[in-house]
Amino acid sequence: MHRDRKIRLAVLVSVVVLLGAAVFVYQKMDNARVDPPPSLPAALTAQQMPADDETTAPETITANPGVTPSATKPLTPSELATAAEPTLPIGGRKWRIGISAGHGGRTGAHIGSDPNTGIWEDDLNLDVALAVNEAFQARGFETLMNRTTDVWIKKDPKIAMFRAFNPDVLLEFHFNTYEGVENPTGLEVYYYTERPGQKEMAELLAARAGAALGGKFKAVGDAEDPFYVCTRFTIGLLVECAYMDQKSDLQRLDTAAERQAFANACVDAVAEYLNSL
Ligand SMILES: [Zn+2]
């Protein structure tokens, strides 16, 4: 009898130990379970979408070309010497900047009567956007561009791809054209007055980038009919870099070095704004 009790006791202890081990393993597995990622912002409904003003573009160029955030390039020695403090991560991640080159696929205006020889706004926008993208990456930002070649992405998929990226700041680059304005020159940064923060960011960007260009500059607020980037994103600004039909204006950005200086000024302004939050 004494021996049987010992055996029962041993069996009981074994069962308790095994149960404990099973509970421990289950908890470990539960902790290791990967939660599904938070759902991406719902796609905009047709009612929410502003009218697409680029409907004259060829319908075939609508697909997202699969642009993904490009890898951060290593800094060159000269960039290291001039780069400011690396941007601080927010919530364990880098700042994210969406960079949109306006138009594409020959949907923008062009200078000159011959479309084959005139300068196209699509190309000017892309040149500047690529320089800005490089400058942000060199300073440790994560970036996403809508396009890196002369293709056109319609507004709806463009908004969707940028919303999925969830940028802290979205900048769209354009070049202005003369439309009856007397002696139009200079940089213009458009913002939506109904979104807190846009005015401050726009004024900072206009001042820094305008100083780099050496011409006139201004931030332009609008509460009624601002551009889609302004209304669709917390900080979404539309930058009209210069008047493309004003030779003196266009010349401020006609070399790679000038575009680089402009791009660096954009980064300075955005970094200053974000780090002040
Ligand atoms: Zn444009």
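In this report, we go over the structure that sits alongside the text.

1. Side note on the overall build of the chain
Argument step 1. Counting its secondary structure elements, the chain contains eight helices and six strands.
Argument step 2. Counted from the first residue to the last, the chain has its helices and strands arranged as α-α-β-α-β-α-β-β-α-β-α-β-α-α.
Argument step 3. Looking at the chain as a whole, 36% of its 277 residues qualify as buried.
Argument step 4. Taking the intrachain contacts of the chain between residues at least 6 apart in sequence as the baseline, contacts between residues at least 24 apart amount to 77%.

2. Overview of helix α5 (residues 198-213)
Argument step 1. Between its first and last C-alpha atoms α5 spans 22 Å; for 16 residues at 1.5 Å apiece the expected length is 22 Å, and the two agree.
Argument step 2. Looking at α5, one finds that the buried residues are Gln198, Met201, Ala202, Leu205, Ala206, Arg208, Ala209, Gly210 and Ala212.
Argument step 3. Each element contacted by the buried residues of α5 is listed here: β3 (169-176), β4 (187-192), β5 (217-222), α6 (228-232), β6 (236-243) and α8 (256-275).

3. Some remarks on helix α4 (residues 155-165)
Argument step 1. For α4, the complete set of buried residues consists of Lys158, Ile159, Met161 and Phe162. Within α4, the buried residues cover an arc of 165° as seen down the axis, which keeps them to one side.
Argument step 2. Buried residues along α4 sit in contact with β1 (96-101), β2 (142-145), β3 and α6.
Argument step 3. Taken from the residues just after α4, Asn166 is the one with a positive phi, measuring 55°.

4. Quick notes on the environment of Gly210
Argument step 1. Checked against the element boundaries, Gly210 lands in helix α5.
Argument step 2. For Gly210, a count of 21 C-beta atoms within 10 Å puts it in the buried group.
Argument step 3. Each C-alpha atom of the pair Gly210 and Cys241 lies 8.8 Å from the other, and the pair is 31 residues apart in sequence.
Argument step 4. The residues contacting Gly210, other than those within four sequence positions of it, are Leu187, Gly215 and Phe217.

5. Considering the nonpolar core
Argument step 1. Judged by nonpolar contacts, the single largest core of 61 residues is most densely connected at Val132, Leu171, Val189, Leu237 and Cys266.
Argument step 2. Sort the elements by how many residues they give to this core and α8 lands first, with 10 residues.
Argument step 3. Those residues in contact with Val189 that sit more than four places away from it in its chain are Ala202, Leu205, Ala206, Ala219, Val220, Leu237 and Val239.

6. A closer look at the sheet that holds β1
Sheet strands line up and pair through hydrogen bonds in the backbone, either parallel or antiparallel.
Argument step 1. As summarised here, the arrangement of the six strands in space is β2-β1-β3-β6-β4-β5, forming an open sheet in which the pairing is mixed. Across the chains shown, the open sheet's two edge strands, defined by having one partner strand only, are β2 and β5. Within the sheet, the average angular offset between the axes of one strand and its neighbour, ignoring direction, is 20°.
Argument step 2. Here β4 runs beside β5; their pairing, made up of six bridges, is parallel.

Cut-offs applied
- Every chain is numbered independently, its residues counted from 1 as its sequence is written.
- Whole-chain, interface and lining totals are the exception, using all residues; otherwise, since this is a predicted model, local features are given only for residues with pLDDT of at least 70 and side-chain atom pairs are given and counted only at 80 or more.
- Numbered from the N terminus, helices here are DSSP runs of H or I no shorter than four residues, and strands are runs of E no shorter than two.
- Buried residues are those with 20 or more other C-beta atoms within 10 Å of their own C-beta, exposed residues have 12 or fewer, and partly exposed residues lie in between; C-beta atoms are placed from the backbone.
- Contact between residues is assigned whenever the C-beta positions, reconstructed from backbone atoms, fall within 7 Å.
- Every helix has an expected span of 1.5 Å times one less than the residues it contains.
- Comment: arc refers to directions from the helix axis out to C-beta atoms.
- The nonpolar core criterion groups buried Ala, Val, Leu, Ile, Met, Phe, Trp, Tyr and Cys residues into a set whenever they are joined through C-beta atoms within 7 Å.
- A pair of strands is labelled paired if DSSP reports no fewer than 2 bridges between them.
- Only the stretch in contact is used when fitting a helix axis, every axis being a line fitted to C-alpha atoms; angles between N-to-C directions are given from 0 to 180 degrees.

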